[in-house]
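What follows is each chain in one-letter form.
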Amino acid sequence: EHAPLVREMRRLAAWLAASLRAAEGAALAPMRAGFHAVPSMRPLHLHLLSLDHDSEALKHKKHWNSFATPFFVPPGRVAAALARDGRYAVNKATEEGRLKAPMTVPLLRGASADTIPALKALLASPRYRAALAAAPFWPDDDDDDGLAAAPPAAAAASGSGAAPIELSDDDDVAAVTAAPPPPT
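Residues numbered from 1 in each chain as written. Predicted model: local features only at pLDDT ≥ 70, side-chain atom pairs only at ≥ 80, totals over all residues. Heavy atoms only, no water.

Looking now at the layout of surface pockets. Approximately 200 Å³ is the volume attributed to the largest pocket. In terms of lining residues, the largest pocket is bounded by H36, V38, P39, S40, H60, K62, H63, S66, F67, F71, E96 and L99. The element best represented in the lining of the largest pocket is helix α2 (residues 61-68), accounting for four residues. Residues that form the lining of the largest pocket fall into these classes: five nonpolar, five polar and two charged. (1 Å grid on protein atoms, 1.4 Å probe; cavity = no way out; pocket = protein on both sides within 12 Å on 5 of 7 lines; lining within 4 Å. Points joined across faces, edges and corners; volume = space filled by probe spheres on them. Helix = DSSP H or I, 4+ residues; strand = E, 2+ residues; numbered from the N terminus. Nonpolar A, V, L, I, M, F, W, Y, C, P; charged D, E, K, R; others polar.)

See the structure below:
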């Protein structure tokens, strides 16, 4: 069972966010944690990010969309699916389509930008700063961050079970599959 591991990763992210808030004060922007629906690298890792998105590394639409659309999956949602189904399954084509979608800003109720400079101007705007100030520092709901749309419909997928957490590509579906834990 890997749901406890994902819940522990979320607990550690919440602890780190609270520690940063204690060190930096109330001026620190709200934070969120999440997994990419289709991970681009192993091992499994949880992202912790500031919703001000103030980063010189933000240079491509795909990068923005990997953190600002339902492609960015709250850890509580993954843990619940692992506990319930033994996997978190997504339609790979649908998720990869999210990366190519227009850039929208969830805190601005879907305001969009055509270019990264236009997006950065939106993120620096008084309207975004006001929305950021009104957002909760950390989501109360362990299953959602309040910013994403409904979770993707689960699709049937099977994993090989060779590793504790495995990705499979079966009928264009990616699944994080919980294999039995190794013997202790």
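Moving on to the confidence of the model for the protein chain. With 76% of its residues at a pLDDT of 70 or more, the protein chain has an overall mean of 79. Low pLDDT (under 50) marks residues 146-184, which in the prediction has 77 contacts with non-local residues, meaning those over four places away or in another chain. (pLDDT = per-residue confidence, 0-100. Contact = heavy atoms within 4.5 Å.)

The topology assignment puts R127 in helix α6 (residues 126-134). Separated by 20 residues in the primary sequence, R127 and L107 have C-alpha atoms spaced 9.5 Å apart. Residue contacts for R127: discarding those within four places in its chain leaves L108 and A111. A polar contact is formed between the side chain of R127 and the backbone oxygen of L108, at a distance of 3.3 Å. (Polar contact = N/O pair within 3.5 Å; in protein donor to acceptor, adjacent residues only side chain to side chain.)

Moving on: helix α4 (residues 92-100). Among the residues making up α4, those that are buried are K92, E95, R98 and L99. For α4, the angular spread of the buried residues around the axis is 120°, confining them to a single face. Backbone nitrogen of A93 and a side-chain oxygen of the N-cap are separated by 3.0 Å at the start of α4; the cap is N91. (Buried < 20%, exposed > 50% of the residue type's maximum accessible area, 1.4 Å probe, protein only. Arc of directions from axis to C-beta.)

Together, W15, L16 and L20 give the surface a local cluster of nonpolar side chains, amounting to about 290 Å² of exposed area. Along the chain, the position of L20 falls in helix α1 (residues 3-24). Here L20 falls in the partly exposed class, since its relative accessible area comes to 32%. (Patch = residues over 30% accessible without salt bridge, like charges linked within 9 Å, V, L, I, M, F, W, Y side chains within 5 Å. Areas by Shrake-Rupley, 256 points an atom, 1.4 Å probe, with all protein chains shown as cover. Salt bridge = Lys/Arg side-chain N within 4 Å of Asp/Glu carboxyl O.)

Taken N-terminus to C-terminus, the directions of α1 and helix α3 (residues 75-85) make an angle of 165°; their axes are 8 Å apart at the nearest point. Relative to α3, the element α1 is oriented roughly antiparallel. As α1 runs across α3, the sense of the crossing is left-handed. Taken together, the residues of α3 that come into contact with α1 (itself represented by A3, V6, R7 and R10) are P75, V78, A79, L82 and A83. When grouped by side-chain class, the residues that make up the contact of α1 with α3 number seven nonpolar, no polar and two charged. (Axes fitted to C-alpha atoms, helices over the stretch in contact; angles between N-to-C directions. Parallel < 35°, antiparallel > 145°, perpendicular 65-115°, else oblique. Left-handed = near helix turned anticlockwise from the far one by under 90°.)

What the rule picks out here adds up to three salt bridges. One salt bridge in this structure joins R11 and E8, with 2.7 Å as the shortest N-O distance. In this pair, R11 and E8 both sit in helix α1, three residues apart, roughly one turn of the helix. By relative accessible area, which is 44% here, R11 ends up partly exposed. A relative accessible area of 33% means that E8 is categorised as partly exposed. One salt bridge connects R84 with D85, and the closest N-O pair in it is separated by 3.2 Å. Here R84 falls in the exposed class, since its relative accessible area comes to 60%.

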